[in-house]
Protein chains: 2
Amino acid sequence: MAKFTVQHEELRAFAQALLEGAGVRTDRAALVAANLIFGNLRGVDSHGMQLLPSYLEQMDRGLTDGAEDGEMLSESGATMLYDARNGLGAVTADRCCEHVIRLAQEHGLAFAVARHANHFGAAAFWGRRISDAGLIGFAFCNASPIVPPFQAKQARLGTNPICMSTPGPHDTSWLLDMATTTVAANRIFKAWHNREPEIPAGWAMDKEGRPTTSTDEAYHGLIMPLGGYKGTGLAVMVEILSAILAGDAMSVEVGGLRIKDRPMNVAHSFLAIDPARFLGAGEFDTRMSKLTNYLHSATPGAGFDEVLIAGEPELRFEKKRRVEGIGLGPGEWERLLTWAQKYNVEPPRYNTEEHG
Amino acid sequence: MAKFTVQHEELRAFAQALLEGAGVRTDRAALVAANLIFGNLRGVDSHGMQLLPSYLEQMDRGLTDGAEDGEMLSESGATMLYDARNGLGAVTADRCCEHVIRLAQEHGLAFAVARHANHFGAAAFWGRRISDAGLIGFAFCNASPIVPPFQAKQARLGTNPICMSTPGPHDTSWLLDMATTTVAANRIFKAWHNREPEIPAGWAMDKEGRPTTSTDEAYHGLIMPLGGYKGTGLAVMVEILSAILAGDAMSVEVGGLRIKDRPMNVAHSFLAIDPARFLGAGEFDTRMSKLTNYLHSATPGAGFDEVLIAGEPELRFEKKRRVEGIGLGPGEWERLLTWAQKYNVEPPRYNTEEHG
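The rules we used
- Residues numbered from 1 in each chain as written.
- Chains lettered and ligands numbered in written order.
- Predicted model: local features only at pLDDT ≥ 70, side-chain atom pairs only at ≥ 80, totals over all residues.
- Heavy atoms only, no water.
- Axes fitted to C-alpha atoms, helices over the stretch in contact; angles between N-to-C directions.
- Helix = DSSP H or I, 4+ residues; strand = E, 2+ residues; numbered from the N terminus.
- Parallel < 35°, antiparallel > 145°, perpendicular 65-115°, else oblique.
- Contact = heavy atoms within 4.5 Å.
- Nonpolar A, V, L, I, M, F, W, Y, C, P; charged D, E, K, R; others polar.
- Least-squares fit on C-alpha atoms with pLDDT ≥ 70 in both.
- Pairing = 2+ DSSP bridges.
- Polar contact = N/O pair within 3.5 Å; in protein donor to acceptor, adjacent residues only side chain to side chain.
- Buried < 20%, exposed > 50% of the residue type's maximum accessible area, 1.4 Å probe, protein only.
- Buried area = accessible area lost by both parts, 1.4 Å probe.
- Salt bridge = Lys/Arg side-chain N within 4 Å of Asp/Glu carboxyl O.
- Domains from an automatic or database assignment.

### Quick look at the packing of helix α1 (residues 8-21) of chain A against helix α3 (residues 52-60) of chain A
Any two packed helices are characterised by the angle at which their axes cross and by the distance between the axes.
All names here are of chain A.
Phase 1 of the analysis: Relative orientation of the contacting elements α1 and α3 amounts to 10°, with a least axis distance of 10 Å. When the interaxial angle is binned, α1 and α3 end up roughly parallel. Where α1 abuts α3, its residues Ala15, Leu18 and Leu19 lie against Leu52, Leu56 and Met59.
Phase 2 of the analysis: Broken down by class, the residue content of the contact of α1 with α3 amounts to 6 nonpolar, no polar and no charged.

And the structure:
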């Protein structure tokens, strides 16, 4: 299968040009493009350029308003409620992070919630946006209902991610960004497209809600909440922290990137905590290094030769992809070219080689 | 195997009398006793009366100071750092919850961290302490290192619980209290004591860090982080929110209830968020009912006849045990009687019957 590989800076510029082609103002287009390329660089292709055609289509259908910054609905103490007014998800998240950083600097911690929002790409981008200001950053978002609660066979929840990012140098700091399902949906799709007959236990259920390791049954079945009732609990935690508090769509009411008749209407939320209210200057970093050293020093289990911390696998992808470029599958490439043609945007230079 | 069954009120009074026998002031003893019985009533026996002999032993050895309330180290904006000064865990948690509630009412949310603390029993007790004040309550605590990080075979982390409790009537509200391992360690011990040869996949690893379903290998092996790297990530999240910010013992530095030569030195943390800063009066409850209705209405999967929300299984235990009493195993009963004799406390009335 041919892969089209593009250097990340050129791919970023291409994304920005496509968004500008759709009428998005330069600063907003640059922000969304940076958010998408961040996903690809870190190996999280489900939250990279692969999302852009859906964003463009949502704007084209009037389901996302590319010219909207949103507006503050209320600020009260260390809390804030924002109305995204259906703007691009990254634009909403950016404005909310700015406010939550300001409020946390003032109060020691802060919490911001946005309603009527769209997909904000990789949550890690927003956790890091906050931790780059020296704060511990959290990002949450509800999502399209594709996951059944524990013991059920009907979808009621999204993959509802939890992200936490710690301040410090990017190449050593700890950064967790996880869906509350055992694996992301696209790992099951990928196994199916690659014609792998079996997936590991715990990933999925068949359409009757029975745990399965058959890739085919999983593909036509349901994604499994992480560890059963605990994953469901965490997904509901995220739903409460985002949709419930936002007064926005929840559970089956939520739209999606592949739902064409109504806006996505997800809710974002962001929590920031200032470690300087607890520890002396530099102490947070020192203590984090100590903790990650403890983790790294654990003897690897059978079949492994090292122990990694959250964010480290993504960091390795990033180092590699910054040099080697970002690969897109032929279907993904074609979809982007269609939009490039529509908006008269020059496609970026690419390398192609045959894989597998 | 004989079970000794005691009515919960009598067991609570017995716990309080034992603590008073150890020299603990009445109000503190009553608090710890209520915390332990809360665990038993909800079916979480690992965090019930079964802990009391360890608490008494820790005090007897001078590792816990039963006369200590702790002291505020700093209050800054909506944050607070508390020194437990090695007091009883429930006493520390109670004082911190009081402060975090006050601060959240003032700022919209608040975060309190306690250092040099002891075991606080079931985290759910503290989440609910906060949610009973009309706030969304979170409780976190690090714990003795018995869990390896993902890909390792050496323990570095505790079962580090995450608890979130929502305001509302106790018999319908959502309450999550979960260890960040697939199951609590004592479920593996129980299977081993009951001579069950097999446990489900995903619970444990053998001592080389290989996933196992052999109860014997698991008993002599390692507890598995929930879903692999995600459970490790969540455990580290809790370690950061508690131990790192507290400036306290972390990872392998942490003591434990079965470690006799040094204090436990865990850290607690509590987060409170006021939904009234986001939603109108009554709206939070209405929206939570709507969400739980969506969850309950999902068609059960094969092998199940209902879908439950977080806290519901524990609520069922509570309804039953309030009537039928709380059962203690013969070993647990004997340990309590030894302390009763030492402190000249009358044991409670009990029923006994032969099981299995």
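### As for the relation of the copies chain B and chain A
The two chain copies are related to each other by a rotation about an axis together with a translation along it.
Phase 1 of the analysis: Relative to chain A, chain B is turned by 180° and slid 0.0 Å along the rotation axis, the superposed coordinates differing by an RMSD of 0.0 Å. Accordingly, the operation relating the two chain copies is best matched by a two-fold axis. No C-alpha of chain B lies nearer the rotation axis than that of glycine 227 of chain B, which sits 2.9 Å from it.
Phase 2 of the analysis: Of the interface residues in chain B, 100% have counterparts in chain A that sit at the interface too, so the contact is made through matching surfaces.

### With respect to the sheet that holds strand β8 (residues 204-205) of chain A
All names here are of chain A.
Phase 1 of the analysis: Judged by pairing direction, the sheet is antiparallel, and its 3 strands sit side by side in the order β9-β8-β10 without closing on themselves. Sheet topology places β9 (211-212) and β10 (222-223) at the edges, where each strand pairs with a single neighbour.
Phase 2 of the analysis: Direction of pairing for β8 relative to β10: antiparallel, over a ladder of 2 bridges. Bridging across to β10, alanine 204 finds its partner in isoleucine 223.

### As for the environment of aspartate 27 of chain A
All names here are of chain A.
Phase 1 of the analysis: Along the chain, aspartate 27 turns up in helix α2 (residues 26-41).
Phase 2 of the analysis: Considering only alpha carbons, one finds aspartate 27 and histidine 107, 80 residues apart in sequence, at a separation of 30 Å.
Phase 3 of the analysis: A polar contact of 2.8 Å, which involves the side chain of aspartate 27, links it to the side chain of arginine 25.

### Description of the environment of phenylalanine 14 of chain A
Phase 1 of the analysis: With respect to the secondary-structure elements, phenylalanine 14 of chain A resides in helix α1.
Phase 2 of the analysis: Phenylalanine 14 of chain A sits 29 residues away from glycine 43 of chain A along the chain, and the two C-alpha atoms are 19 Å apart.

### What to know about the pairing of strand β5 (residues 136-141) of chain A
Phase 1 of the analysis: With 6 of its 6 residues buried, β5 of chain A lies for the most part within the structure.
Phase 2 of the analysis: Residues of β5 of chain A alternate between two faces, with Ile136, Phe138 and Phe140 of chain A on one and Gly137, Ala139 and Cys141 of chain A on the opposite face, all of them buried.

### Examining the interface of chain B and chain A
Many descriptions give the size of an interface as the accessible area lost when the pieces come together.
Phase 1 of the analysis: Of the residues lining the interface, 77 residues belong to chain B; the matching set on chain A comes to 77 residues.
Phase 2 of the analysis: Summed over both partners, the interface of chain B with chain A comes to about 6,700 Å²; 72% of that surface belongs to carbon and sulfur atoms.
Phase 3 of the analysis: Taken as a group, Gln151, Lys230 and Phe278 of chain B account for 12% of the area that chain B buries against chain A, more than any other trio of residues on that side.
Phase 4 of the analysis: On inspection of chain B and its partner chain A, the count reaches 2 salt bridges.
Phase 5 of the analysis: When the shortest N-O distance is used, the salt bridge between glutamate 253 of chain B and lysine 290 of chain A registers 3.1 Å.
Phase 6 of the analysis: One can count 35 residue pairs in polar contact (both at pLDDT 80 or more) joining chain B with chain A.
Phase 7 of the analysis: Of the residues forming the side of chain B that touches chain A, the biggest block, 11 residues, is contributed by helix α8 (residues 229-246) of chain B.
Phase 8 of the analysis: Among the residues forming the side of chain B that touches chain A, the class breakdown is 46 nonpolar, 19 polar and 12 charged.

### Here we look at the side chain of aspartate 94 of chain A
Residues and elements named next belong to chain A.
Phase 1 of the analysis: Tracing the sequence through the fold places aspartate 94 in helix α4 (residues 89-107).
Phase 2 of the analysis: The exposure class assigned to aspartate 94 is buried, which follows from its relative accessible area of 11%.
Phase 3 of the analysis: What aspartate 94 contacts, discounting residues up to four positions off in sequence, is Leu31, Trp126 and Arg129.

### Remarks on the domain arrangement of chain A
Residue and element names in this part refer to chain A.
Phase 1 of the analysis: The domain architecture assigned to chain A consists of domain 1 (1-60 + 325-356) and domain 2 (69-181 + 225-277).
Phase 2 of the analysis: Here domain 1 and domain 2 have C-alpha centroids that lie 24 Å from each other.
Phase 3 of the analysis: Domain 1 puts 16 residues into the contact, and the matching count from domain 2 is 19 residues.
Phase 4 of the analysis: For the pair domain 1 and domain 2, the two sides together bury roughly 1,600 Å², of which 64% comes from carbon and sulfur.
Phase 5 of the analysis: Joining domain 1 to domain 2, the criterion identifies 2 salt bridges.
Phase 6 of the analysis: With a shortest N-O distance of 3.2 Å, arginine 28 and aspartate 69 are connected by a salt bridge.
Phase 7 of the analysis: Of the residues that constitute the side of domain 1 that touches domain 2, the class distribution is 8 nonpolar, 4 polar and 4 charged.

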